[in-house]
Structure formats: structure tokens, C-alpha cells
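# Architecture at a glance
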Amino acid sequence: MKSSLLLSVFLRQCAETRTNFRSFSSVVLKRQVPCSPGPRGMQPRFASGGCSALMFRRHGEPSQVVELETLELSSVGANDVLVRMLAAPINPADINMVQGTYAILPELPAVGGNEGVAQVVEVGCQVTTLKPGDWVIPKDAGLGTWRTAAVVSENSLIQLPSDIPLLSAATLSVNPCTALRMLSDFQELQAGDTVIQNAANSGVGQAVIQIAAARGLTTINIVRDRPQFNQLSDRLKAMGASHVITEEVLRLPPMQELFKTCPKPKLALNGVGGKSATELLRHLEHGGTMVTYGGMSKRPVTIPVGALIFKDVKVRGFWVTKWKANHAHDEKPFIDMLDELCTLIRQGKLTAPVCNQVELGDHRRALEAAMEPYASAKQILIL
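Fair warning: this is a prediction, and the values are worked out from it, not measured in the lab. (Residues numbered from 1 in each chain as written. Predicted model: local features only at pLDDT ≥ 70, side-chain atom pairs only at ≥ 80, totals over all residues. Heavy atoms only, no water.)

## Some remarks on the side chain of Asp94
Mapping Asp94 onto the fold places it in helix α3 (residues 92–99). Here the side chain of Asp94 touches Asn114 through a polar contact of 2.7 Å, side chain to side chain. If near-sequence neighbours (up to four positions away) are discounted, Asp94 is found in contact with Pro89, Gly113, Asn114 and Trp146. (Helix = DSSP H or I, 4+ residues; strand = E, 2+ residues; numbered from the N terminus. Polar contact = N/O pair within 3.5 Å; in protein donor to acceptor, adjacent residues only side chain to side chain. Contact = heavy atoms within 4.5 Å.)

What follows is the structure in C-alpha cells.
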């Protein structure tokens, strides 16, 4: 009976998440009846013209199903905001949504993209938190950021300072937020403690390296072996990585030599799954925690029995979309997190991942590049 109740609660939460997601993913918002001029003296009007957008009308391989289309913009209603998109990345979750394999999916047809930065152009007469010129990012997934402009609800946006680099703003709300939460919420860490992670050259991995370095943490960073390993290692170390090793070395005796120079990890961050995750668990210290946030290998996580019984390790999962949904009624934790990240950016301690800037019309090349193995740069649509 208890299991049945837990399942019921879980399904209800999933339904609520899907409902919230779909509320932001509609292509053209319903026209609003203009309101009387409010105290701010702003009268909403119909937005002129349309916008260009990358849309998919069916699920499949992104380079085959995503098309550049022109959409009509709806009117700016009393509580709406007209924004001009500035830049939007192509993330793995975006690809999975187009493919139809992600945990939440928009109703079709849909505009792709869940992350990006925009500038406010016009606000409705009852909008109180935003003004023209402000930089904004989506509060949650599903806004459809691969477009040049949009009319959206004030409540679906959160203001961002405009004194940080454009690429940092465009890539702030997913990977750095994921990295900061995992470093903060699962294990009590002090300066000098060790964190081990795979997928260290991913967007999340690069953010983990930099935030951990700012906190005085040692990081052991695992990447797949490749011809340009030395160049990649040098680049990650320049960001603050303490150690960079390959998946193969992770399974060899030299790891024991490494632990003579630093403590065993209290925290492991897994974005790969499969054998890589198993090896992370083997190296955790007693009572340590492994947090899984991705599964790029598409293989299950296998947990060694000895790690559970004799080392009392904890195995957790994290999804930043769910974290945001859990804090939807209280913006302060989200705002505080963004403030901390923006402070690190201003201090030069957190930079955007290596990016390849692409125009909207060149989207097929960008989508294909985003799916290539050993990708060394994040594709950013400049809008």
C-alpha cells in the first residue's frame, strides 16, 4: 500500500511538471484583450511582424526534422513581455527532446531550445518586475529559445544582470546551476576535500571544475582517451582542474599513487553511467556520495555490492529541471544561486564553455556538430 501511494505521488508530480512545461512551449500565444493604461502608463499593442524559429513537427534526428520557419508573434498582453532572443545553446537535453527520448516533451509542433538569454523589448501594463532593456533567461525548460523573438508571460522569465558576457548569460541556467547544486546539496565539503567526476569536458564538467576550484576543492577529472588528450588536459587544468586522467587510467593501479597526493573523494559526479560510474563508486571514500545527472553511455549504473555494504556509499540522482520546479513558489533560492554564479563570472572564476557561434540559418551544421563524439565546443545560436 505504501509503494502504491508513493507511485501515485510520483506520477502526480510528473504530470504537474509536464503541465508546467507545456504551458511555456506553445508556438503562438493566445491574443490578449488590451488593458487600460496602468500606473506605469504602458499600453500593450500587437507586436508587428513575426519571428524566425527552429521548429520540429515530429520527433526524429534533429538535422532531419528541425526546420527554420517564420511564426506570427502574438499581442503583448497585460502580463506579457516581448523579448528579442540574443543567444541560445544546443544542449544534449535539447537534442533528446527533438528525438523524443527526454523525460518531458513539448506538444508538437514545438520550437526547440530550453536555455538562452533574451532582451526585453516591450512589457504589458501590469508587468512590474521587468522593463525594456533588461536581460532575462527562462525560469524553466520548455520556453522554446531557438527563435529570434517571443511573447511570453512575465512569470516565465527571471532577470539577469547585463554586465556579464553574453555567452556566459546564454549558458548560465542549466550546466552551471547543475554543477553548483551538486557541489552544494549532497555532501558537506570543505576546502581540501576531493571531488571526482566523469564527462569532465562537458558543460557541466567544466562548470564543476571552476566552481570547485573557487571553493578550494581538489578535482579528479575523467575524460575519454583521444588523440588530443594533452591539449584537452592543459585546457581543463587552466580552468582549475587538479588532475585530468582517462577512463582507462581510472581502472589501473596508478590511481592508488594519485591518492597519496590527495584524499579519496567524498563526492562523485556521474554523467556517463555504465562502467565509468562503477569505477567512480570504487574510488569513493567511506560514506561518500555519487550523484548521477546524465547517462551519455546509455548504459545502466551497476553498483558494486562491496561499496554499499562495506563503504556505506550513497547513490543519488539530480535533475535541475525538477529542482527548479520544486522551488517554483519561492524564487529566492534560484535568485541566490544566479547571484553566486554571476559573482564568480565577474571575478573571472567562471567562464562559459568553449563555444562555436552559429547563425540561425546554419542550424543543420550546428545540430550535427552538437551530436558529434568528442565534441570540444558547445554550439551557440546567435539570434
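Anyway, onward from the coordinates.
## Here we look at helix α10 (residues 274–283)
Among the 10 residues in α10, 8 count as buried, and that is most of the element. Burial in α10 covers these residues: Gly274, Ser276, Ala277, Thr278, Glu279, Leu280, Leu281 and His283. (Buried < 20%, exposed > 50% of the residue type's maximum accessible area, 1.4 Å probe, protein only.)

## Things to note about the environment of Glu115
Along the chain, the position of Glu115 falls in the loop between β4 (110–111) and β5 (117–123). Spatially, the C-alpha atoms of Glu115 and Leu172 are 8.2 Å apart, while their sequence positions differ by 57 residues. Those residues in contact with Glu115, other than ones at most four positions away along the chain, are Ala88, Pro89, Asn91, Thr145, Ala170, Thr171, Leu172, Ser173, Val174 and Asn175. A polar contact is formed between the side chain of Glu115 and the backbone nitrogen of Leu172, at a distance of 3.3 Å.

## Regarding the environment of Ile303
If you trace the backbone, Ile303 turns up in the loop between β13 (289–292) and α11 (305–309). For Ile303 and Leu280, which are 23 residues apart along the polypeptide, the C-alpha to C-alpha distance reads 10.0 Å. Apart from the residues within four sequence positions on either side, Ile303 is in contact with Leu281, Leu308 and Val315.

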